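Per-entry structural report
What follows is each chain in one-letter form.
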Amino acid sequence: MSGTPTTGMAQEMEARLREAFDPTRLEVINDSAQHSGHSGDDGSGESHFTIVIEAPQFGEMNRLARQRAVIDALGDIVGERVHAVAIKASAPTV
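Predicted model, so just to flag it, every value in this text is computed and none were measured.

Re the environment of Arg-16
Here Arg-16 shows up in helix H1 (residues 8–21). Note on Arg-16: relative accessible area 24%, which makes it partly exposed. Residues Arg-16 and Leu-74 lie 58 residues apart in sequence; the distance between their C-alpha atoms is 6.2 Å. Reaching out from Arg-16, the side chain makes a polar contact with the side chain of Asp-76 at a distance of 3.3 Å.

Okay, here's the thing in structure tokens:
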């Protein structure tokens with residue numbers, strides 16, 4: 001896993017995603033250190049994240065619907081408390 005160690009924000013994001021999707025795979029990676037000094041870096045060390053999530057619910061969704069579902073599950077985090085989130089959402093393969 002790359003990025004900085006697990007943070008409070010990453011733990012909160014993980015808890016919300018586990019509750020919403022019961023994923024078979026979930027990684028919340030803090031990429032904030034890679035964006036230090038860039039636009040959106042608020043100095044908190046919790047401004048940029050990558051989410052890798054695999055859940056059965058995504059099987060019937062296209063890429064955009066998957067991303068929207070993840071953003072919806074995160075609620076006020078994206079855009080208000082975190083500047084950017086990269087989402088890699090997929091359904092489990094058989």
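A word on the confidence of the model for the protein
Looking at the protein as a whole, the pLDDT averages 84, with 78% of positions reaching at least 70. Contacts of residues 1–5 to residues separated by more than four positions or lying in other chains number 11 contacts, the stretch itself having pLDDT below 50.

Describing the side chain of Arg-66
With respect to the element layout, Arg-66 can be found in helix H2 (residues 63–74). Buried Arg-66, no salt bridge; nearest opposite-charge side chain is Glu-60, N-O distance 8.7 Å. When sequence neighbours within four positions are dropped, the list of residues in contact with Arg-66 reads Phe-58, Gly-59, Met-61, Ala-89, Ser-90 and Ala-91.

Quick look at the pairing of strand S2 (residues 48–54)
Burial within S2 is extensive, with 6 of its 7 residues counted as buried. Relative to S2, strand S1 (residues 25–30) runs antiparallel, the two sharing 6 bridges. Its bridge partner lying in S2, Glu-27 is registered against Val-52. When S2 meets strand S3 (residues 84–90), the two strands line up parallel, connected through 7 bridges. When the sheet's bridge partners are listed, Ile-53 is paired in S3 with Ala-89. Assessed by its sense of winding, the connection that carries the chain from S2 through H2 to S3 is right-handed.

How each quantity is defined
Residues numbered from 1 in each chain as written. Predicted model: local features only at pLDDT ≥ 70, side-chain atom pairs only at ≥ 80, totals over all residues. Heavy atoms only, no water. Helix = DSSP H or I, 4+ residues; strand = E, 2+ residues; numbered from the N terminus. Buried < 20%, exposed > 50% of the residue type's maximum accessible area, 1.4 Å probe, protein only. Polar contact = N/O pair within 3.5 Å; in protein donor to acceptor, adjacent residues only side chain to side chain. pLDDT = per-residue confidence, 0-100. Contact = heavy atoms within 4.5 Å. Lys, Arg positive; Asp, Glu negative; His and termini not counted. Salt bridge = Lys/Arg side-chain N within 4 Å of Asp/Glu carboxyl O. Pairing = 2+ DSSP bridges. Right-handed = clockwise from strand over helix to strand, strands pointing away.

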